[in-house]
Amino acid sequence: MIDLDRDAMTPMYVQLANVLRERIRSGEIPLGRRLPSQAELEEETGGTVSRRTIKTALELLAAEGLVQGVQGKGVFVIALPEKP
């Protein structure tokens, strides 16, 4: 379950990207593995975020060079985040 704080100053898409980034960093989602689909992430958040919010979080991770979408296949981890 992904627990996001609607009342936080940090936007929901950034919170979600942070959760996914940490899952990648910890090895829970290893290099080369597909991230959960947008529908799976929506379910993991208890339906509290829209698909657009999820898409924006994935776009943020892609802009950082951590993930890459493959048409019809999903979004895959292509790099590990730098240690904080």
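Refer to the structure above for everything that follows.
Residues numbered from 1 in each chain as written. Predicted model: local features only at pLDDT ≥ 70, side-chain atom pairs only at ≥ 80, totals over all residues. Heavy atoms only, no water.

**Regarding helix α1 (residues 12–26)**
Taking 1.5 Å per residue as the helical rise, α1 with its 15 residues ought to reach 21 Å, and the 21 Å between its terminal C-alpha atoms agrees with that figure. Downstream of α1 by a residue or two, Gly27 has a phi angle that is positive, lying close to 90 degrees. (Helix = DSSP H or I, 4+ residues; strand = E, 2+ residues; numbered from the N terminus. Expected span 1.5 Å × (residues − 1).)

**Considerations on helix α3 (residues 51–63)**
The α-helix advances 3.6 residues per turn, and as a result positions three or four apart in sequence lie on the same side. When the terminal C-alpha atoms of α3 are compared, their 18 Å separation across 13 residues agrees well with the 18 Å that a helix rising 1.5 Å per residue should span. Regarding α3, the residues found buried are Thr53, Ile54, Thr56, Ala57, Leu58 and Leu61. Downstream of α3 by one or two residues, Gly65 has phi in the positive range, about 80 degrees. (Buried < 20%, exposed > 50% of the residue type's maximum accessible area, 1.4 Å probe, protein only.)

**A short note on the side chain of Thr53**
Structurally, Thr53 can be placed in helix α3. A polar contact of 3.1 Å, which involves the side chain of Thr53, links it to the side chain of Ser50. With residues near it in sequence (within four places) discarded, Thr53 still touches Met12 and Tyr13. (Polar contact = N/O pair within 3.5 Å; in protein donor to acceptor, adjacent residues only side chain to side chain. Contact = heavy atoms within 4.5 Å.)

**A short note on the pattern of salt bridges**
Using the criterion set out here, one finds 8 salt bridges in the structure. The salt bridge partner of Glu44 is Arg23, with a shortest N-O separation of 2.7 Å. Taken together, the positions of Glu44 in helix α2 (residues 38–44) and Arg23 in helix α1 put the pair 21 residues apart, joining distant regions of the chain. Among the ionic pairs, Lys55 bridges to Glu59, the shortest N-O distance being 3.0 Å. Here Glu59 and Lys55 lie together in helix α3, a separation of 4 residues that amounts to about one turn. The partly exposed category is assigned to Glu59, whose relative accessible area is 36%. Members of the salt-bridge network, linked through shared partners, are Arg23, Glu28 and Glu44. (Salt bridge = Lys/Arg side-chain N within 4 Å of Asp/Glu carboxyl O.)

**Comments concerning the environment of Leu16**
When you line up the elements, Leu16 lands in helix α1. Leu16 gets classed as buried once you look at its relative accessible area, which sits at 0%. Between the C-alpha atoms of Leu16 and Leu4, which are 12 residues apart in sequence, the distance is 7.2 Å. Once residues within four sequence positions are removed from consideration, Leu16 is found in contact with Ile2, Leu4, Ile54 and Ala57.

**So, the packing of α1 against α3**
Two packed helices can be described by the angle between their axes and the distance between those axes. In the contact formed by α1 and α3, the axes pass within 8 Å of each other and the chain directions differ by 55 degrees. The angle between α1 and α3 places the two elements in the oblique class. Note on packing geometry: the crossing formed by α1 with α3 is right-handed. Facing α1, whose interface residues are Met12, Tyr13, Leu16, Ala17, Leu20 and Arg21, α3 presents Thr53, Ile54, Thr56, Ala57, Leu58, Leu60 and Leu61. Of the residues that constitute the contact of α1 with α3, the class distribution is 10 nonpolar, 2 polar and 1 charged. (Axes fitted to C-alpha atoms, helices over the stretch in contact; angles between N-to-C directions. Parallel < 35°, antiparallel > 145°, perpendicular 65-115°, else oblique. Left-handed = near helix turned anticlockwise from the far one by under 90°. Nonpolar A, V, L, I, M, F, W, Y, C, P; charged D, E, K, R; others polar.)

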